[in-house]
Amino acid sequence: MQPLLPEQLDFQQKAKSGLDIEGRWPIAKLSRLAEVIQPNEGDLQAHLHFDREGKYLIVEGQVKASVEMACQRCMQPMPVDLQTDFKLAMVLNEEQAERLPSTYEPLLVTEGKQNVAQLLEDELLLVLPLVPRHEQQCSDYLQQQAQRMKQDAELAEQEKAKNNPFAALKDLL
Ligand SMILES: [Zn+2]
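Analysis parameters
Residues numbered from 1 in each chain as written. Predicted model: local features only at pLDDT ≥ 70, side-chain atom pairs only at ≥ 80, totals over all residues. Domains from an automatic or database assignment. Pairing = 2+ DSSP bridges. Helix = DSSP H or I, 4+ residues; strand = E, 2+ residues; numbered from the N terminus. Axes fitted to C-alpha atoms, helices over the stretch in contact; angles between N-to-C directions. Contact = placed C-beta atoms within 7 Å. Core = buried A, V, L, I, M, F, W, Y, C linked by C-beta atoms within 7 Å. Buried ≥ 20, exposed ≤ 12 C-beta atoms within 10 Å, placed from the backbone.

(A) Spatial organisation of the domain arrangement of the protein chain. Its domain assignment divides the protein chain into domain 1 (8-132) and domain 2 (137-172). With centres defined by C-alpha atoms, the gap from domain 1 to domain 2 works out at 53 Å.

This is the structure in structure tokens:
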């Protein structure tokens, strides 16, 4: 099993000295993500690379997490594999962010330590489907539901026929 990621790192310092780490972090600890997914016991997996690129201090990497969300059509849980690659350049203010080349997304940093899990959570939230819906499984589910409704309707029809005196008369003829 991969080691836990450090909770905090000095991003600017790590970018200056260079750092490559891989690790995991409990998904349940990401409170903003936890609000929109089903309860999750798993871990996210991430790879982070801190470095200098020209005059920029960057952090790039990948984060992956397998979660479940409620399907917005049938309300049943559906698996969602979240995965995203990112390349961020550290900025100290909005002005610096605006001057960044388009190959980077800005990452606002302050002096000292930054929260690693929060960065990864931000990235995962960006790729979360807005309206999660089953593809295959959902149509199966809806098909079963339609089947049940049809059976119910047929039963109701038979029930109605039984209570219909003309139907009984017809049987006599
Ligand atoms: Zn569904």
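From this point on, the discussion continues.
(B) Summary view of the sheet that holds strand E4 (residues 56-70). A sheet is described by the order of its strands in space; here five strands give the open sequence E2-E3-E4-E5-E6, paired in mixed fashion. Edge strands, defined here as strands with exactly one partner in the open sheet, are strand E2 (19-26) and strand E6 (105-108). Shown here is a sheet whose adjacent strand axes are inclined to one another by a mean of 30°, direction ignored. Those strands touched by helix H4 (residues 116-126) are E2, strand E3 (43-53), E4 and strand E5 (77-91), and its axis lies near 120° from that of E5.

(C) Spatial organisation of the nonpolar core. In terms of nonpolar packing, the biggest core is built from 30 residues, with Leu44, Met90 and Leu120 touching the most fellow members. Every element with two or more residues in this core is listed here: helix H1 (11-17), E3, E4, E5 and H4. With near-sequence residues (within four places) excluded, Leu44 lies in contact with Arg24, Trp25, Ile27, Val63, Lys64, Ala65, Leu120 and Leu124.

(D) Molecular detail of the environment of Asn115. Of note, Asn115 is situated in strand E7 (residues 114-115). Given 13 C-beta atoms within a 10 Å radius, Asn115 is considered partly exposed. With 105 residues separating them along the chain, Asn115 and Asp10 place their C-alpha atoms 8.7 Å apart. Ignoring any residue separated from it by four or fewer positions in sequence, one finds Asn115 in contact with Glu7 and Gln8.

(E) Structural detail: unusual backbone geometry. Here Met75, not a glycine, exhibits a phi torsion of approximately 65°, which is positive. Take Met75: it is sitting in the loop between E4 and E5.

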